[in-house]
Amino acid sequence: MGKINSIGGARIFLEKCISYYLIFPIMTNRELWTSVLNRIKPTLQKAHFITWFQNTAVVKNEAGVVTVGVPTMFAKGWISSKYNIKLLQAMQEIDVSVESVEYDVCARLSEVENIEAPEIKSFFNEEDDKKVRKVRNMNEVVVKKGNFGGHISSQMLNNRYDLSNFVVGRENMLPHAVCTAVSDNPGGMYNPLYIYGSVGLGKTHLVQAIGNQILKNFPDMVVKYITAEKFVTEVVEAIGKRHMAKFKDQYRNVDVFLIDDVQFFARKDSSQQEFFHTFNELYDRNKQIVLTSDRPPSELDDLDERLKSRFGMGMVVELLFPDFETRLAILNEKCKDFEVLIDPEVLSFIANNVHCSVRELEGVLRQAVAESQLKNSVPTIRSVAEIIKRLNKAQEIIGYDVNEKSAKSYAKTSEDVMQIVAKYYNMNSGDLMGQDRHKEFMIPRQICMYLIKHELGESYEKIGDGFGGRNHTTVMHACKKTEIMLKKDVHLVRDINAIKREMGM
């Protein structure tokens, strides 16, 4: 009887094991990571997903601990702080034995031939089922929704402009809220909508975002976006070619009329008259009108009083220059769009020193990214300060003196190099001289030794003494290892080039 019970128990145990592995089959590290990414992808914006999870992989899965490899120290800090809970939950849904997630910097994941990391862009499918139709002889194309939910857009509108990617701060909360309301109910209580503000604050972004959102919400509506300058040009051409009837038809038979920079109508009487009648026609039929300008309606000199009064009879909102926190948020959003990782201190430096327009903010960032790619380095406070100074020589730089002697003049001792390296990696000089052998300390320490040897020419023995009395063979090993890594690690090349730039080299 006991034998029968033992056989029955073994059978039950075996059946449970089989059912467990049917539910949770053994997966390779790559299959596990692919499944995890597929689970978290719907919860993230596409740009964020691609930016943070390209060149990542599960590199170890032992005893309930999954180690995720990431390409850089910055990516490690960001992913572990922002996405750790999301990743752990996804892994536990796939494998109940997972207890925790750890992160490790693995430069090899960025290598072209590396097969551990899945191709991140393969998680997104191109929508090839879009149907295109012309709209009433107008200079725009509407793309209809396909079977897979392709977005509606207009050729005259830039689909990069969206209400969701407009960074909302204290200064622009009202304009953004009004634009959202107009998108949900065109022709309603906020008609016409008049948005004004200085150059480069996001007026064009908002007005085109309204158009894009309306086309998503109301696929059958006809949306027309144009600049006042282009409108004037078309009026002149229509008069010259005697096509005024056709011209009037294309503007007075729309559901939404978006016109940018209406201050351009000043001293253009024929265009003002035509626009006045177009405005009245659309307004009387409850069609939505959105206008932008660089100043309020009352300050539009050389403009017909009838037009100014109509511009001001709806909702008038002003866009102001964003505060520091909003500027920093904009820079972070742009980094995701550009798919680049930049030190938060560098972004803070840009936000502190750009005071004119959001366009200039993006311009400085673009130049910093382009310069770093051309020079195979990473943007630093020093390099960004030089860019800002080139753009505006009269500007006072906050937090950095671009007129002081080059860093090379003060990076002449091993202590100087240690300070620069420690600052670059956000650590203390004491950490470089310490005994901690974790990668986040070992790599900067080896780089520091390498730079002191190759740039300052100090002996291995002297370098070892400066690093807490280390043996000269330890220093020699660190230098040789760094030399080897420089031949195959692109990120390390960029880091060292950036540090050497900080040293004035």
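Our subject is the structure that appears above.
Residues numbered from 1 in each chain as written. Predicted model: local features only at pLDDT ≥ 70, side-chain atom pairs only at ≥ 80, totals over all residues. Heavy atoms only, no water.

Asker: Would you explain the nonpolar core in this entry?
Answerer: In a soluble, globular protein the nonpolar side chains are often hidden away together inside. Residues Trp33, Phe53, Leu87 and Met91 are the most contacted members of the largest nonpolar core, which totals 29 residues. Elements supplying a minimum of two residues to this core: helix H2 (29–40), helix H3 (46–53), strand E2 (65–70), helix H4 (73–82), helix H5 (84–94) and strand E3 (100–105). With residues near it in sequence (within four places) discarded, tryptophan 33 still touches Phe53, Thr56, Ala57, Val58, Val68, Leu87, Met91 and Pro118. (Core = buried A, V, L, I, M, F, W, Y, C linked by side-chain atoms within 4.5 Å. Buried < 20%, exposed > 50% of the residue type's maximum accessible area, 1.4 Å probe, protein only. Helix = DSSP H or I, 4+ residues; strand = E, 2+ residues; numbered from the N terminus. Contact = heavy atoms within 4.5 Å.)

Asker: Mind showing me how you'd approach unusual backbone geometry here?
Answerer: What you tend to see is this: most non-glycine residues have negative phi, and most peptide bonds are trans. Note the cis peptide between asparagine 191 and proline 192, where omega equals -5°. With respect to the helices and strands, proline 192 occurs in the loop between helix H6 (173–184) and strand E6 (193–197). We note that alanine 63 has phi near 50°; this positive angle belongs to a residue other than glycine. You can see alanine 63 is positioned in the loop between strand E1 (57–62) and E2. A residue is classified by how much of its surface remains accessible, and alanine 63, at 76% relative accessible area, is exposed. Of note, aspartate 302 is a non-glycine position whose phi angle comes to about 60°, a positive value.

Asker: I keep staring at the packing of helix H18 (residues 439–456) against helix H21 (residues 490–502) and nothing clicks. Help me out?
Answerer: Two quantities define a packed helix pair, namely the angle between the helix axes and the distance between the axes. It is the contact of H18 with H21, at a shortest axis distance of 12 Å, that shows an interaxial angle of 55°. In terms of orientation, H18 and H21 fall into the oblique class. In this structure, H18 meets H21 at a crossing whose hand is right-handed. For the pair H18 and H21, contact is made by Ile447, Tyr450, Leu451 and Glu455 and by Leu492, Ile496, Ile499 and Lys500, respectively. Grouping the amino acids of the contact of H18 with H21 by side-chain chemistry returns six nonpolar, no polar and two charged. (Axes fitted to C-alpha atoms, helices over the stretch in contact; angles between N-to-C directions. Parallel < 35°, antiparallel > 145°, perpendicular 65-115°, else oblique. Left-handed = near helix turned anticlockwise from the far one by under 90°. Nonpolar A, V, L, I, M, F, W, Y, C, P; charged D, E, K, R; others polar.)

Asker: What am I meant to see in the packing of aromatic side chains here?
Answerer: The way to describe two aromatic rings as a pair is by their centre distance and the angle between their planes. If you walk through the whole model with that rule in mind, you get 19 aromatic pairs. Plain terms: the ring middles of phenylalanine 231 and phenylalanine 265 are 5.7 Å apart, the flat faces sit at 85° to each other, and that makes the pair edge-to-face. Within this pair, whereas phenylalanine 231 is found in helix H8 (residues 228–240), its partner phenylalanine 265 is found in the loop between strand E8 (256–260) and helix H10 (269–284), the two being separated by 34 residues in sequence. Each member of the pair, phenylalanine 231 as well as phenylalanine 265, carries the same accessibility label: buried. A centroid spacing of 6.1 Å and a plane angle of 65° characterise the contact between phenylalanine 275 and phenylalanine 311, whose relative ring orientation is edge-to-face. Remark: phenylalanine 311 occurs in helix H11 (residues 305–311) and phenylalanine 275 occurs in helix H10; sequence separation between them is 36 residues. Its relative accessible area of 0% is what places phenylalanine 275 among the buried residues. Phenylalanine 311 gets classed as buried once you look at its relative accessible area, which sits at 0%. Here the aromatic residues Tyr194, Tyr196, Phe231, Tyr251, Phe257, Phe265, Phe275, Phe279, Tyr283 and Phe311 are joined through ring pairs into a cluster of three or more. A cation over an aromatic ring shows up here: lysine 82 above the ring of tryptophan 78, its NZ or CZ 5.2 Å from the ring centre. Taking the ring centre of phenylalanine 276 as reference, the NZ or CZ of arginine 306 above it sits at 3.9 Å. (Phe/Tyr/Trp six-rings, centres within 6.5 Å; stacked < 30°, edge-to-face > 60°. Lys NZ or Arg CZ within 6 Å of the ring centre and 35° of its normal.)

Asker: Where do I start with the pairing of E3 in this structure?
Answerer: Sheet faces and side chains relate simply in a regular strand, where the side chains alternate between the two faces. The side-chain alternation of E3 yields one buried face, formed by Val101, Tyr103 and Val105, and one unburied face, formed by Ser100, Glu102 and Asp104. Direction of pairing for E2 relative to E3: parallel, over a ladder of six bridges. Bridge pairing in E3 places valine 65 opposite serine 100. (Pairing = 2+ DSSP bridges.)

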